[in-house]
Amino acid sequence: MSIDKLLNANMEFRQEVEKLKEQLTQTKELLNSKNEELEKVKNELNKKKTLTKEEFEEVENIKKENIELKSLIIATDNKIKELNSIINAKEEESDKIKEELAILSTQIRSQESINTTILELETKIKEFESINIEKEKIISSKNQLIQDKEKIIEEQNKEIELIKNQLENLQHRKSATKNVNLHRGRVRACIKCSEYVFLHLNDPENQKVIKQFELNHKGHTIITVDLSEVKDRYRNIELIEDSEQ
Ligand SMILES: [Zn+2]
């Protein structure tokens, strides 16, 4: 039963009780007037001392009516008491419902505070998510930087490889030039030992070789001639040294 229906039912009961009270008052007034009437008749009777038959019947009627009115008053009183007790019970029920409503509204308020907490948590979660997105952006930009650096390193490695290849080519060309030089040019030759070394002007390395050669053949006869003059009979020390390396 809703509180509104309960309150309406109480109102109906109260109106009924009011009607009955009004009815009771009217009945009591009626009883009073009948009593007055009875008193008058009694007074008249006292004066007369004797009653006619009609007068006696009238008195009997008034007495009967009074008894009926009294029983009506008692019945109405009982009815009013009954209705009052029903109203009291209804009001107790209404109080209980009000208490329940108070409990429910407390629960609703705590639910509202839970909802507020949930909203706050959702806001925090969104903040964390945006922070994570920022972190991911930073990580991806770092990764991009690393990739760029790796590319640069790769390019530098390629460049290093290129330079190595160029160096190797240069070394090949140098030894090729050396080999070419082995077949022509001026040489320093020891007649006693039948050995020779090439003579390259403006080459510091060759200067050392020549000095060492002259030291090794100290006291021997060393000459400077064209390769063609010693080529077939003399040994080239540099060639032997090269092949030994
Ligand atoms: Zn010698």
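For the structure, see preceding data.
Below or above, wherever it landed, is the structure these notes cover. Each chain has its residues counted from 1, running along the sequence as written. Two thresholds apply to this predicted model, a pLDDT of at least 70 for residue-level local features and 80 or more for giving and counting side-chain atom pairs, whereas whole-chain, interface and lining totals are computed over all residues.

1. A word on the pairing of strand S2 (residues 195-198)
Consideration 1: Here exposure depends only on C-beta density: within 10 Å of a residue's C-beta, 20 or more other C-beta atoms make it buried, 12 or fewer make it exposed, and intermediate numbers make it partly exposed, the C-beta atoms being placed from the backbone. Counting from the N terminus, the helices are DSSP H or I runs at least four residues long and the strands are E runs at least two residues long. Because side chains alternate across S2, one face comprises the buried residues Glu195 and Val197, and the other comprises Tyr196 and Phe198, equally buried.
Consideration 2: Any two strands between which DSSP finds at least two bridges are classified as paired. With four bridges connecting them, strand S1 (residues 186-190) and S2 associate as antiparallel partners. Looking at S2, one finds that Ala189 is bridged to Tyr196.
Consideration 3: Where S2 and strand S4 (residues 235-236) come together, two bridges link them in parallel fashion. Within S4, the residue paired with Tyr196 across the bridge is Asn236.

2. Here's the deal with the nonpolar core
The tendency in soluble globular proteins is for nonpolar side chains to be buried as a group.
Consideration 1: What we call a nonpolar core is a set of buried Ala, Val, Leu, Ile, Met, Phe, Trp, Tyr and Cys residues whose membership is set by joining through C-beta atoms within 7 Å. Listed in full, the nine residues of the largest apolar core are Val187, Ala189, Cys190, Tyr196, Val197, Phe198, Phe213, Val230 and Ile237.
Consideration 2: Of all the secondary-structure elements, those providing two or more residues to this core are S1 and S2.
Consideration 3: Excluding residues within four positions of it along the chain, Val230 makes contact with Val187, Ala189, Tyr196 and Val225. For every residue pair, C-beta atoms are placed from the backbone, and the pair is scored as a contact if these atoms sit within 7 Å.

3. Re the sheet that holds S1
Adjacent strands of a sheet form backbone hydrogen bonds with each other and so pair up, either parallel or antiparallel.
Consideration 1: Strands sit in the order S3-S1-S2-S4 across an open sheet of four strands; the sheet is mixed. For this open sheet the edge positions go to strand S3 (222-226) and S4, each flanked by a neighbour on one side alone.
Consideration 2: On the sheet, helix H3 (residues 204-216) packs against S1, S2 and S3 and is oriented at approximately 160° with respect to S2. Only the stretch in contact is used when fitting a helix axis, every axis being a line fitted to C-alpha atoms; angles between N-to-C directions are given from 0 to 180 degrees.

4. Remarks on unusual backbone geometry
Excluding glycine, most residues fall at negative phi; most peptide bonds, likewise, are trans.
Consideration 1: Unlike most non-glycine residues, Ser194 shows phi in positive territory, near 60°.
Consideration 2: Position of Ser194 relative to the elements: it lies in the loop between S1 and S2.
Consideration 3: Judged by C-beta crowding, with 11 C-beta atoms within 10 Å, Ser194 ranks as exposed.
Consideration 4: Of note in this structure, Asn202 is not a glycine but carries a positive phi near 65°.
Consideration 5: Looking at the secondary structure, you find Asn202 in the loop between S2 and H3.

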